[in-house]
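# Structure at a glance
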Amino acid sequence: MSSTDGFSDFFYTAPDGLRLHARIYGETNSAASPVVCLPGLTRNARDFHELALYLSRRADRPHKVIAFDYRGRGQSAYDPDIGHYNVGIEAGDILAGLAALNIEEAAFIGTSRGGLIIHVLGALRPAVLKAIVLNDIGPVIEAAGLAHIQTYLDPTPKPKSRADAVEAQRVAHGADFPALTEADWERMVSALYRQTDDGLLPDFDPRLVETMAGLDLSKPLPDLWPQFEALATIPLLAIRGANSKLLSVDTFDEMQKRHPGMEPVTVEGQGHAPFLETGKLPGAIAAFLDGASKAAQIK
């Protein structure tokens, strides 16, 4: 491990031998439960940098925070078989990483695809989930949201400069994110792109786009209500962007009916998916984690 900018890099081996990466913040923290951060489809551990710093540096209950790069993203190796870019294998990769870190249970924060992986973990190993934060994801995925993702991924923008990258993201997402500041857009670009000899490139395997292109959105998408209901005894904070195309208001309301203890948060001025480091979200997440920990102690 090499420490830099408040975190350490951790590399481990997936069950099929692929070299995978995670960031570890607050490596020596033990006063509170570890927190595992799982990003979206083409995103990486950098999405959680500011939130991870906040949670790992709290004065009263600092957490160890592990932010994962899935295979084919960030510093994890690309998979020669794009069929392995699926939530089942990625869930197995997360469990392998936790085993390598000797972590048996943790609180999980999942943005978009990360939330789907949490649903799979609930089926594979429910005991690992001590608390859950779902960021703009639920058991029903709206076809309109997936269509929007397909649109901005194909073709994936290849900006000539950082300013071009910021503008490309504004064009793709600005209508859904009127609340974002210039600094927010800059952070988004820093997380999404990597600097190369050929300029800025999206920091993921380009073939990931193929896994989305093959979806037939004219047919009903399978839902995950049985998997969601299996999480009913686990403390849950569910966050929805008010302008989200992926998670509907109806699904959000139904989630609360099926998980009566769910804490709902709607983020105004943001779409899919809200930036977890903005506004009051870091404090809300920290307070939720504290409450979940106290509830577990009472039991």
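Summary of the structure given here.

Reading the values: the criteria
- Residues numbered from 1 in each chain as written.
- Predicted model: local features only at pLDDT ≥ 70, side-chain atom pairs only at ≥ 80, totals over all residues.
- Heavy atoms only, no water.
- Helix = DSSP H or I, 4+ residues; strand = E, 2+ residues; numbered from the N terminus.
- Buried < 20%, exposed > 50% of the residue type's maximum accessible area, 1.4 Å probe, protein only.
- Contact = heavy atoms within 4.5 Å.
- 1 Å grid on protein atoms, 1.4 Å probe; cavity = no way out; pocket = protein on both sides within 12 Å on 5 of 7 lines; lining within 4 Å.
- Points joined across faces, edges and corners; volume = space filled by probe spheres on them.
- Nonpolar A, V, L, I, M, F, W, Y, C, P; charged D, E, K, R; others polar.
- Polar contact = N/O pair within 3.5 Å; in protein donor to acceptor, adjacent residues only side chain to side chain.
- Arc of directions from axis to C-beta.

### Structural notes on the side chain of His63
As for its placement among the helices and strands, His63 is situated in the loop between helix 1 (49-56) and strand 5 (65-69). According to the relative accessible area criterion, His63 is buried, its value standing at 3%. Those residues within four positions of His63 in sequence are excluded, and the remaining contacts are Tyr25, Gly26, Asn29, Ala32, Ser33, Val35, Leu55, Ser56, Arg58 and Leu289.

### Quick look at the layout of surface pockets
Reported here for the largest pocket is a volume of approximately 690 Å³. In this structure, the largest pocket is lined by 40 residues; those nearest its centre are Arg43, Asp47, Met188, Ala191 and Phe275. Counting only elements with at least two residues in the lining of the largest pocket, the list comes to helix 1, helix 4 (143-153), helix 5 (162-173) and helix 6 (182-192). Among the elements that take part in the lining of the largest pocket, helix 6 stands out by supplying six residues, more than any other. Taken together, the residues that form the lining of the largest pocket break down as 20 nonpolar, eleven polar and nine charged. Its volume calculated, the second largest pocket comes out at about 550 Å³. Where the lining of the second largest pocket is concerned, the elements lending two or more residues are helix 3 (113-124), helix 4 and helix 7 (208-213).

### With respect to the environment of Ser8
Take Ser8: it is sitting in strand 2 (residues 7-13). Put simply, Ser8 and Gly26 are 18 residues apart on the chain and 8.7 Å apart in space, counted from C-alpha to C-alpha. A polar atom in the side chain of Ser8 sits 3.1 Å from the side chain of Glu27.

### Considerations on empty space enclosed by the protein
On inspection of all chains with the given rule, the structure shows one cavity of 30 Å³ or more. Quantified by volume, the largest cavity comes out at close to 60 Å³. A per-element tally of the lining of the largest cavity places helix 4 first, with four residues.

### What to know about helix 4
If you check which residues of helix 4 are buried, you get Gly145, Leu146, Ile149 and Leu153. Angular distribution of buried residues about the axis of helix 4 spans 100°; they occupy a single face of the element. Those residues of helix 4 that are buried lie in contact with helix 7.

### Considerations on the side chain of His119
In this fold, His119 is placed in helix 3. Setting aside chain neighbours within four positions, we find His119 in contact with Leu134, Gly138, Pro139, Leu224, Gln227, Phe228 and Leu231.

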